[in-house]
Amino acid sequence: MKFTPQHDQMDCGPACLSMIASHYGKEYSIQFLRETCYLTREGVSLLAIVQAADKMGMTTLSAKLTVDKLIELVLSSQVPMPCILHWNQSHFVVLRKINRNSLTRKYTFQLADPGHGFITLSQDKFEASWLSEDKEGVAMFVEPTPKFYELNPQKNVKFSIRYLLDYLIPFRKHLSVMLILLLIGSGLNLIFPFLTQDLIDKGINHKNLNLIVLILIAQLSLFVGVIVIEILRNWITLIVGAHLSINIISDFLKKIFKLPIKFFDSKMVGDLQQRIQDNERIEHFITSQSILTVFSMITFIVFFGVLCYYSYEILAIYLVLTIVAVFWSFAWLKKRKIVDYFRFQEQSRNQSSIYEILNGVTEMKLNQLEDYKRNEWEEIQKKLFKINIRILRLDQFQNSGFEFFNQLKNILVTCLAAYFVVQDKMTLGQLMSVSYIIGQMNSPVNQLVTFFRSLQDARLSLERLNEVQQIAEEEQPNQIHLLDKSLNEHIERHGIQINNLSFQYQGPMSPFVLKDIDLFIPEGKVTAIVGISGSGKTTLMKLLLKFYESVQGDIFYNEYNINELSAKSLRENVGVVMQDGFIFSDTMERNIATSDSTIDNERLQQAVQIACIKDFIEELPLGYKTKIGSIGNSISGGQRQRILIARAVYRNPRYIFLDEATSFLDAKSEKMIHDNLKKFFVGKTVIIIAHRLSTVKNADQIVVLEEGKIVEIGSHEELTHKQGAYYQLVKNQLELGN
Ligand SMILES: Nc1ncnc2c1ncn2[C@@H]1O[C@H](COP(=O)(O)OP(=O)(O)OP(=O)(O)O)[C@@H](O)[C@H]1O
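Source: prediction; values computed, not measured.

**Student:** So what's going on with the packing of helix α14 (residues 370-422) against helix α15 (residues 428-470)? Which residues, and what values?
**Tutor:** Look at α14 against α15: their axes get within 9 Å of each other, and the N-to-C directions meet at 160°. Between α14 and α15, the angle is such that the two are roughly antiparallel. Considering only the axes of α14 and α15, their crossing is right-handed. Here F402, N406, K409, N410, V413, T414, A417, A418 and V421 of α14 lie close against α15, whose contacting residues are L428, L431, V434, I438, N442 and N446.

**Student:** Can you lay out the UniProt feature "domain: ABC transmembrane type-1" (unreviewed entry) in the protein for me, pointing to particular residues and giving the numbers?
**Tutor:** When the UniProt feature table is mapped to this numbering, "domain: ABC transmembrane type-1" (unreviewed entry) covers residues 177-457. Annotated as residues 177-457, this span is 93% helix and 0% strand, and its ends, taken at the C-alpha atoms, are 28 Å apart.

**Student:** Which residues make up the domain arrangement of the protein, and what values go with them?
**Tutor:** According to the domain assignment, the protein consists of domain 1 (11-150), domain 2 (161-470) and domain 3 (495-736). For domain 1 versus domain 2, the separation of C-alpha centres amounts to 36 Å. Facing 17 residues of domain 1, the contacting portion of domain 2 comprises 16 residues. Carbon and sulfur atoms make up 54% of the area that domain 1 and domain 2 hide from each other, which totals about 1400 Å².

**Student:** Could you give me a rundown of a nonpolar patch on the surface, with the residues and numbers involved?
**Tutor:** Together, F223, I227, I231, W235, L238 and I239 make up an exposed nonpolar region whose accessible area comes to about 610 Å². By the element assignment, I239 lies in helix α9 (residues 209-257). Using a relative accessible area of 33% as the deciding quantity, one classes I239 as partly exposed.

**Student:** Which residues make up helix α4 (residues 67-75), and what are the values?
**Tutor:** Residues of α4 that are buried include every one of V67, L70, I71, L73 and V74, and no others. Taken down its axis, α4 places every buried residue within 170° of arc, on the same side. In the core, the buried residues of α4 are packed alongside β1 (58-65), β3 (91-100), β4 (107-113), α5 (123-130) and β6 (137-144).

**Student:** Break down the nonpolar core for me, with residues and values.
**Tutor:** Of all hydrophobic cores here, the largest spans 48 residues; its most connected members are I592, L677, F681 and Y726. The biggest single contributor to this core is helix α22 (residues 637-650), with seven residues. Sequence-distant contacts of I592, defined by excluding residues within four places in its chain, comprise L604, A607, V608, I617, I643, A646, R647 and Y650. Y163, I236, L244 and V468 belong to the second-largest nonpolar core, a separate cluster that totals 33 residues.

**Student:** Just give me the short version of the pairing of β3, but keep the residues and values in it.
**Tutor:** Direction of pairing for strand β2 (residues 83-87) relative to β3: antiparallel, over a ladder of five bridges. Its bridge partner being in β3, W87 is matched across the sheet by H91. From the end of β2 to the start of β3, which pair antiparallel, there are three residues, and N88 there has a positive phi angle of about 50°. Summarising the sheet, β3 and β4 pair through six bridges and their orientation is antiparallel.

**Student:** Tell me about the site of the ligand, and please be specific about residues and values.
**Tutor:** In the vicinity of the ligand lie 14 residues, with S533, K537, T538, T539 and Q579 positioned nearest. Between the ligand and the protein, one listed contact pairs an oxygen atom with a side-chain N or O atom of T538 at 2.6 Å. At a separation of 2.8 Å, an oxygen atom of the ligand approaches a polar side-chain atom of Q579. Within the complex, 65% of the 640 Å² of free accessible area of the ligand lies under protein. The element that contributes the greatest number of residues to the shell around the ligand is helix α16 (residues 537-544), accounting for three residues. When the residues that make up the shell around the ligand are grouped by side-chain class, the tally is three nonpolar, nine polar and two charged.

**Student:** Explain the packing of aromatic side chains residue by residue, including any values.
**Tutor:** Considering all chains together, one arrives at 23 aromatic pairs under this definition. Look at F126 and W130: their rings are 5.5 Å apart centre to centre, the planes differ by 35°, and that puts the pair in the tilted class. Of this pair, F126 and W130 both sit in helix α5, four residues apart, which is roughly one turn of the helix. Feature note: the residues W328, W332, F397, F404 and F405 constitute an aromatic cluster, connected by ring pairs. One Lys or Arg, R603, reaches over the ring of Y650 and ends 4.3 Å from the middle of that ring. The aromatic ring of F680 is capped on one face by K684, whose charged end is 4.9 Å from the ring centroid.

So, how was this worked out
Here the residue numbers are simple positions, counted from 1 along each chain's written sequence. Local features in this predicted model are restricted to residues of pLDDT 70 or higher, and side-chain atom pairs are both shown and tallied only at a pLDDT of 80 or more, whereas totals for entire chains, interfaces and linings draw on every residue. Hydrogens are left out, water is left out, and the side-chain values use all remaining heavy atoms of the structure. Here, axes are lines fitted to C-alpha atoms. For helices the fit covers the stretch in contact, and angles between N-to-C directions go from 0 to 180 degrees. A run of H or I in DSSP counts as a helix once it spans at least four residues, and a run of E counts as a strand once it spans at least two, with each numbered from the N terminus. To sort the angles, those under 35 degrees are grouped as roughly parallel, those over 145 as roughly antiparallel, those from 65 to 115 as roughly perpendicular, and the leftovers as oblique. Handedness of a helix crossing follows the sense of rotation of the near helix relative to the far helix, less than a right angle counterclockwise being left-handed and clockwise being right-handed. What makes two residues a contact is simply this: any of their non-hydrogen atoms within 4.5 Å. UniProt positions are given in the numbering used here, feature names are shortened, and annotations may be inferred rather than shown by experiment. Domain borders in the structure are assigned automatically or taken from a domain database. Summed over both partners, buried area is the accessible surface (1.4 Å probe) that two parts give up on being assembled. Note on patches: the residues involved have over 30% relative accessible area and no salt bridge, like charges join within 9 Å, and the nonpolar side chains Val, Leu, Ile, Met, Phe, Trp and Tyr join within 5 Å. A 1.4 Å probe and the Shrake-Rupley method give the accessible areas. Residues count as covered only by the protein chains that appear here. A carboxyl oxygen of Asp or Glu within 4 Å of a side-chain nitrogen of Lys or Arg is what we treat as a salt bridge. Under the scheme applied here, a residue whose accessible area is under 20% of the maximum for its type counts as buried, over 50% as exposed, and between as partly exposed, the area being computed with a 1.4 Å probe on protein chains only. Note: the arc covers the axis-to-C-beta directions of the helix. Nine residue types can take part in a nonpolar core, namely buried Ala, Val, Leu, Ile, Met, Phe, Trp, Tyr and Cys, and a core is a set of them joined through side-chain atoms within 4.5 Å. Pairing between strands is defined by DSSP: at least two bridges between them are needed. Nearness of a residue to a molecule or strand requires only that one of the residue's heavy atoms be within 4 Å of it. Here a polar contact is taken to be a pair of N or O atoms separated by no more than 3.5 Å, where protein atoms must pair a possible hydrogen donor with a possible acceptor and residues adjacent in sequence count only if both atoms sit in side chains. In the scheme used here, Gly and all other residues not listed as nonpolar or charged are polar, with Ala, Val, Leu, Ile, Met, Phe, Trp, Tyr, Cys and Pro taken as nonpolar and Asp, Glu, Lys and Arg as charged. Between the rings of Phe, Tyr and Trp (Trp by its six-membered ring), a pair exists once the centres lie within 6.5 Å; its type follows the angle of the planes, with under 30 degrees stacked, over 60 edge-to-face, and the other angles tilted. We call a charge positioned over a ring when the NZ of a Lys or the CZ of an Arg lies within 6 Å of the ring centre and within 35 degrees of the ring normal.

So, in structure tokens, the structure goes:
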């Protein structure tokens, strides 16, 4: 089974499926599995894994069982292995094997945790993570059907390092200089031991003061040379590294901005930050790690040759003890890996606990949850402390042993060299030179170990970035731009036509959020959408904005199917106020005039007047230049909404979509804004979603949604007269009299 690491926080389900598929000989791209699992920010459910496995041609059987039952089923081969386990009630891992130690008769569990790697746990540790409070855990057994072998899965596209090397081309001069400097540095390092040898053998032994002074001056000059090279190298690394970083990350951001909005639905902010760090990590890997390792290895090989020239015996001691020291370190790795695994789990619990405390402090104070949450955090700290003690103990054993073998190597080498000096097989100068070389040969070994560790990290980073590069961009070359009205003159009805539209967020088994919607939104008119919370109003608006593709049915903007339209051009023509509209940490005017590089003052004035925020802004000490970040939370919900409305108005678009745009305002301000907007709406196609019925009753048509279906369409008068769903909604709000 090939290990598949999870790339994002919520990727464990797709990663487990990918590992199971690899066990049966098929490689699936993680992005494909994510889409098949309908991954969201909450991760995937067991049901979604069942659906995805089904699509991959595998049958699944999920069961809740005790550890004894699991052991019995697995050891008697009654269930297919590997299987997927629900882990810590929040994660999925793959169980590869259960073994029984013939001596201790205890069971061990071999797992592949997508967040960590392969790991083997004892029964008590396994139980602690797998079992829930009722002493049972959830397992999903997966088996391929003939369809699995027939399907041709979408594989991971291998990342081409060329993409990164292209970034290096503009810096080839800098890099050549750096290579030359490093070569000179290696050369200078090589001269040191020979100078030391001559200092003693020719200078001190022959009592030649002039030669001693000369050699010391040479050593000093070499030393200065090495320092200068190091300084220059650091500068070049910084210059190349910083520019590379900017170029790589800027291109990455460009790519991110071109991805469909749906992509961000399954990503946490942390996942995207992680990718920025990935870019930096790769840049560091190229500019520092790789180059340094190459030169460390050159130095190592040259010194190795010199040592071989001085004495085979000394080289043999060096080699044997270095190998023993490295093996000693590796011997502890397995134990260290298990403890690291638990530290990793506890640390993520620690992070989310702190995050919750810091973000929910107000709510905690209001609901007297402070002590409970603090105690919860302290419990995590106690566990972390115990784990850290174990890690310290392991580290001490590992490092002390490593140091011991290193020192033993130095002592034995010195001892052997001293013996050779006494035997006249070696000069004193050569002894000093050998000591120096042995000292210098330690750092390339450490450098190599660090290199392999960062190579692993860099590979994972590359895979993660590769995945983003592979995602299809929203804008495709042959898409139609939502053009001016004049070009659509030959069609009969102008407006947005929705035919038989259905939508579900998470795959075929998830509930339909919109069902068989047939609706015409006439151009130049106001259409209001009402319905109880969760009836699908916002989802319909998001589909009109091309956030998602419909599961069934079509949307036409005049004669153009939305699927053929460029999302960018569509959004350029729509002014939107979303429920969770974002205020940027910038000036008032920049927050309103987001679409223009030079602000049009006339339009700005019109926008602030319509949104009734003119007085508020002008009373601020810096007026339109006031930075909103600097007044932070002091903007009220209503003021925020007014800025968002002003932003939509400033753009003066052809379509206006407002989702609960005035819900935080008092009735009087809301009426004022809507009166202003009424004039602004003339000639525009407007969709208003609102709970407050006073804001929608003047609409040309009102659409009532109930559980994703349209139940009524008509004007306020028609619908109140009908005494149906709309009437009930109105009655519940006691607004009929308004
Ligand atoms: N990203 C999402 N993933 C999965 N389900 C979602 C997502 N967004 C919304 N839903 C679900 O879709 C249904 C309709 O949500 P929607 O936001 O469209 O309702 P709404 O009528 O606008 O509600 P409200 O008036 O409260 O804003 C809800 O049951 C909601 O839980």
